[in-house]
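Below, each chain spelled out in residue letters.
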Amino acid sequence: MGPATGSRAAWFRRGVTVTVLAAVISPAVRGHDSFPLTTYPMYDGTRGRIVTIATAVGVDRLGATRYLPLRTVADTDDPLIAESTVRSAIDSRRAEELCHDIAARAGSSIAAVEVVDERHDVVTRATGGDSLLGRSVHARCPVRR
Amino acid sequence: MTADDAGHRAAVSPRDEAARLPGRWRPRVDGWLLEPAPAERLAVLRVLVGLFATLYLAIRYRPFLSLADASASRFEPVGVLAPLDGPWSDQVLVVLFVAAVVLGVAFTIGAWFRFSGPAFAGALLLLTTYRSSWGQLLWIEDLMTIDVLIVGCSRSADGLSVDERRRRRRSGRSHRAPREGVGFGWPVRLAALVTVTSYVLAAVAKLRTSGLEWMFSDSLRNHVAYSNVRLDLFAGASSPVGRWLVRFGWLFPPMAVITVLLELAAPVALLGGRWRDAWVVAMWLVHVSVAALMFVVFPFPLFLVAFAPFYRLEAIPAWLRAVAGRRRSGSTPGSSL
């Protein structure tokens, strides 16, 4: 490689380096999160100990409720995806549709499914206490046998 | 000017001389960014990121392929897929996924790399972007994807590869010719810069969104408690260590301060030596703690692949050859006596 070509290659590499780094930084500058260029917002907010969590519960024939596994709720093994699926269904008024999807995946040991928002004191719950402060039911649907 | 001054000036190399000129940052930056490296440095990075990404896809096949059954109403395309009107058909998803795994194997072993390198990088970008297009961005996959893009678009199969072996066979050479060049070092440096930038951005995000409160309040404790309660509410197993530690609220502000300071200090990893090692160990321990306390796993740094560009990776094959050489010489009849 001659000097002229070498110099061109060096400028090319400098240019690509600056471009790639500018691209990586750009979401933070623009305040727009995307993929794979992101603002890296994992756990960046302050969180209080009272939290509203979107989830789904199974209701048995006696009316007792129990939480449903990730696979049943959102066909995933990631709780972040599961909660985001339920939250987005509630926010976009698709809770009924999600409820039927969950009911189709749920076993026959429950009689109905409810898509809910629950308010918890997370520190109390994490340390084994009774934490439920409130529950709003956004959809309820039967489990077909 | 004294004779000593003149003698000293004569001993200064042209590169040092250039460093005294206006804009002296450039030779220093170039000296680091464009430092020639052996082909094996980039080749080892190719093997590491290729192996990691291919295994990641193969092990996590279900979350990728289950998107075929996802409700189209949830589809919110992001990144390069933003122009899409709707989800891919099941066939497109399955074919792309299988192709990505096959290309990932070719990428890792360095076979037909001129094609398999960019093709695997492109396929991985499409698949991971698609997975993040259902209402939840998956930050655990972005650094892996960017690293594969960097390595896949560079000359990373000029060493330790099927392509190199094929070239040697054609030319009739039996030994590896040691190769060195800027083109083998620069992509590794670029990957290192991206890793460092990502950590600094993570700290900036915390400070920008929450200010100092993120460090000096109960926020981190509540995040840990929240992650565990969320697992509970989806009938999953939560972290016994995290739940136990939540009792000790005073522990969390110091942990938060250390986390943010370590993220901001990421550029010290570029200095090399003990600074780099200390930062890598400390940051790795942060990821281990997050996994232990919250069951939130960032596999790319947890398996150290994210930190690989900070090191002279050519030492790995050299060490493996030395071990193999010792074993061979140890198994000769003379030495076994």
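Residues numbered from 1 in each chain as written. Chains lettered and ligands numbered in written order. Predicted model: local features only at pLDDT ≥ 70, side-chain atom pairs only at ≥ 80, totals over all residues.

**A look at the overall build of chain B**
In step 1: Of regular secondary structure, chain B possesses 18 helices and two strands.
In step 2: The 337 residues of chain B split such that 43% are buried.
In step 3: In chain B, the proportion of contacts linking residues at least 24 apart, taken out of those at least 6 apart, comes to 77%. (Helix = DSSP H or I, 4+ residues; strand = E, 2+ residues; numbered from the N terminus. Buried ≥ 20, exposed ≤ 12 C-beta atoms within 10 Å, placed from the backbone. Contact = placed C-beta atoms within 7 Å.)

**Describing the overall build of chain A**
In step 1: Helices and strands together make up the secondary structure of chain A, namely five helices and four strands.
In step 2: Ordered by position from the N terminus, the helices and strands of chain A form the series α-β-β-α-α-α-β-α-β.
In step 3: Compactness check: chain A gives a C-alpha radius of gyration of 24 Å against a globular reference of 15 Å for 145 residues, more than 25% above the reference.
In step 4: Residue burial in chain A is summarised as follows: out of 145 residues, 37% are buried. (Rg over C-alpha atoms; globule rule 2.2 N^0.38 Å.)

**Considering the domain arrangement of chain A**
In step 1: Per the domain assignment, the segments making up chain A are domain 1 (1–44) and domain 2 (50–142).
In step 2: The straight-line distance from the C-alpha centre of domain 1 of chain A to that of domain 2 of chain A is 42 Å. (Domains from an automatic or database assignment.)

**A few points about the interface of chain B and chain A**
In step 1: Facing the 55 residues of chain B at the interface are 53 residues of chain A.
In step 2: Of all the secondary structure elements, the ones that give two or more residues to the side of chain B that touches chain A are α7 (113–131), α8 (142–152), α10 (182–210), α11 (213–216) and α12 (219–233) of chain B.
In step 3: Per-element tally for the side of chain B that touches chain A: the top contributor is α10 of chain B, with 13 residues.
In step 4: Across the side of chain B that touches chain A, the residue classes break down as 24 nonpolar, 20 polar and 11 charged. (Nonpolar A, V, L, I, M, F, W, Y, C, P; charged D, E, K, R; others polar.)

**Focus on the packing of helix α4 (residues 39–59) of chain B against helix α6 (residues 90–109) of chain B**
All names here are of chain B.
In step 1: Following both chains from N to C, one finds α4 and α6 inclined at 160 degrees, their axes separated by 8 Å at the closest point. With respect to α6, the axis of α4 lies roughly antiparallel. At the point where α4 passes α6, the crossing takes the left-handed sense. Residues Val 47, Gly 50, Leu 51, Ala 53, Thr 54, Leu 57 and Ala 58 of α4 touch α6, and the partners they reach there are Ala 100, Val 101, Gly 104, Val 105, Phe 107 and Thr 108.
In step 2: A per-class count over the contact of α4 with α6 returns nine nonpolar, four polar and no charged. (Axes fitted to C-alpha atoms, helices over the stretch in contact; angles between N-to-C directions. Parallel < 35°, antiparallel > 145°, perpendicular 65-115°, else oblique. Left-handed = near helix turned anticlockwise from the far one by under 90°.)

**A few points about the confidence of the model for chain B**
Residues and elements named next belong to chain B.
In step 1: Here chain B averages 89 in pLDDT, and 89% of its residues register 70 or above.
In step 2: The model gives residues 1–21 a pLDDT under 50, and that stretch makes seven contacts with residues more than four places away or in other chains.
In step 3: For this predicted complex, the interface score ipTM comes out at 0.87, while the overall pTM is 0.87. (pLDDT = per-residue confidence, 0-100.)

**Describing the environment of Asp 69 of chain B**
Residue and element names in this part refer to chain B.
In step 1: Along the polypeptide, Asp 69 turns up in the loop between α5 (61–65) and α6.
In step 2: A tally of 9 C-beta atoms within 10 Å means that Asp 69 is categorised as exposed.
In step 3: Note: C-alpha distance between Asp 69 and Ala 53 (16 residues apart in sequence) is 24 Å.

**Re the domain arrangement of chain B**
Residue and element names in this part refer to chain B.
In step 1: One can read the domain layout of chain B as domain 1 (35–166) and domain 2 (192–314).
In step 2: Taken over C-alpha atoms, the centre of domain 1 sits 25 Å from the centre of domain 2.
In step 3: The greatest single-element share of the side of domain 1 that touches domain 2, amounting to eight residues, is contributed by α4.
In step 4: Classifying every residue of the side of domain 1 that touches domain 2 by side-chain character gives 11 nonpolar, no polar and two charged.

**Comments concerning the packing of α12 of chain B against helix α14 (residues 252–264) of chain B**
Residue and element names in this part refer to chain B.
In step 1: Here α12 crosses α14 at 95 degrees, and the two axes come no closer than 7 Å. Taken together, the axis directions place α12 and α14 in an arrangement best described as roughly perpendicular. When α12 is examined against α14, the residues Ser 219, Leu 220 and Arg 221 are found in contact with a partner set consisting of Phe 252, Met 255 and Ala 256.
In step 2: Broken down by class, the residue content of the contact of α12 with α14 amounts to four nonpolar, one polar and one charged.

**Thoughts on the environment of Gly 58 of chain A**
In step 1: When you line up the elements, Gly 58 of chain A lands in strand β1 (residues 50–59).
In step 2: Remark: the alpha-carbon pair of Gly 58 of chain A and Pro 142 of chain A, spanning 84 residues in sequence, is separated by 9.7 Å.

**Digging into helix α15 (residues 273–294) of chain B**
All names here are of chain B.
In step 1: Taking 1.5 Å per residue as the helical rise, α15 with its 22 residues ought to reach 32 Å, and the 32 Å between its terminal C-alpha atoms agrees with that figure.
In step 2: For α15, the complete set of buried residues consists of Trp 279, Val 280, Met 283, Val 290, Leu 293 and Met 294.
In step 3: Its buried side turned inward, α15 meets α12, α13 (240–245), α14 and α16 (299–302). (Expected span 1.5 Å × (residues − 1).)

**Side note on the nonpolar core**
Buried together is how nonpolar side chains tend to be arranged in soluble globular proteins.
In step 1: Counting 72 residues, the largest nonpolar core has Leu 45, Phe 120, Leu 124 and Val 148 of chain B as its most contacted members.
In step 2: When contributions to this core are tallied by element, the ones reaching two or more residues are α1 (3–30) of chain A together with α4, α6, α7, α8, α10 and α15 of chain B.
In step 3: With 14 residues, α10 of chain B is the largest single contributor of residues to this core.
In step 4: Not counting residues within four places of it along the chain, the set of residues in contact with Val 148 of chain B comprises Val 49, Ala 53, Phe 120, Ala 121 and Leu 124 of chain B.
In step 5: Counting residues in hydrophobic clusters, the runner-up holds 46 residues, among them Val 51, Ala 74, Ala 89 and Ile 110 of chain A. (Core = buried A, V, L, I, M, F, W, Y, C linked by C-beta atoms within 7 Å.)

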